[in-house]
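Structural description and commentary
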Amino acid sequence: MVKRPEHEHEDEQWIEGLTQEMKRVDQLFDDVPSPSLEGLHTLAVHTLERKRRRMKFELVLFLLIALFIVGGAMLAALSAPIILLFIHVFGMVTGGTILIFSKSLRSAGKKGSR
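Residues numbered from 1 in each chain as written. Predicted model: local features only at pLDDT ≥ 70, side-chain atom pairs only at ≥ 80, totals over all residues. Heavy atoms only, no water.

**Comments concerning the overall build of the protein chain**
- When helices and strands are tallied, the protein chain shows 4 helices and 0 strands.
- Element order for the protein chain, N to C, with α for helix and β for strand: α-α-α-α.
- Burial statistics for the protein chain: of 114 residues in total, 1% are counted as buried.
- Carbon together with sulfur atoms contributes 70% to the accessible area of the protein chain, which is approximately 11200 Å² in total. (Helix = DSSP H or I, 4+ residues; strand = E, 2+ residues; numbered from the N terminus. Buried < 20%, exposed > 50% of the residue type's maximum accessible area, 1.4 Å probe, protein only. Areas by Shrake-Rupley, 256 points an atom, 1.4 Å probe, with all protein chains shown as cover.)

Encoded structure:
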C-alpha cells in the first residue's frame, strides 16, 4: 500500500504533536518531589489505623444487626410459636415445590445440560 505525500505530511504532523504532548506530560511529572521514607511510613501507619477502625466498626455493626435479627426471631418464637412454625413449614414446602417443578433448577447440577 503506497501512501500519498499528503498523508505522509499528516502522519509527520501527528507524530510531532504526539511527541510534544509526551514531553509536556514528562515535564509535569518531573517536577513532583518524591515523598521521604518517613512520610511513606507515616502514611502507611495512618492507612492501617483507618482500615483497622473501619473493620472494627463493621464488625460491631454486623454483631448488632445479627443480635437484633436473632433476638427478634427468638421473641417471635416465644410469643407465637405456632405462627413461626407455620412460616418455616410454608417456606420449606414452597422451596420443595419450586425444586420439583422447575426443570432448569433440577438439571443445573448435571454436566452438559445446556
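Next comes the rest of the description.
**Description of the packing of aromatic side chains**
- Per the counting criterion, the structure on display carries 1 aromatic pair.
- A centroid spacing of 6.3 Å and a plane angle of 20 degrees characterise the contact between F86 and F90, whose relative ring orientation is stacked. Of this pair, F86 and F90 both sit in helix α3 (residues 81-101), 4 residues apart, roughly one helical turn. The burial state of F86 is the same as that of F90; both residues are exposed. (Phe/Tyr/Trp six-rings, centres within 6.5 Å; stacked < 30°, edge-to-face > 60°.)

**What about a positive patch on the surface?**
- Taken together, the side chains of R50, K51, R53 and R54 define a basic patch exposed on the protein surface.
- Here R53 shows up in helix α2 (residues 37-79). (Patch = residues over 30% accessible without salt bridge, like charges linked within 9 Å, V, L, I, M, F, W, Y side chains within 5 Å. Salt bridge = Lys/Arg side-chain N within 4 Å of Asp/Glu carboxyl O. Lys, Arg positive; Asp, Glu negative; His and termini not counted. Charge placed at Lys NZ, Arg CZ, Asp CG, Glu CD.)

**Here's the deal with the pattern of salt bridges**
- The full count for this structure, using the stated rule, is 1 salt bridge.
- With a shortest N-O distance of 3.0 Å, R24 and E21 are connected by a salt bridge. Note that R24 and E21 are positioned in helix α1 (residues 5-30) at a spacing of 3 residues, about one turn of the helix.
- Of the residues examined, R24 reaches a relative accessible area of 45% and is grouped as partly exposed.
- According to the relative accessible area criterion, E21 is partly exposed, its value standing at 41%.

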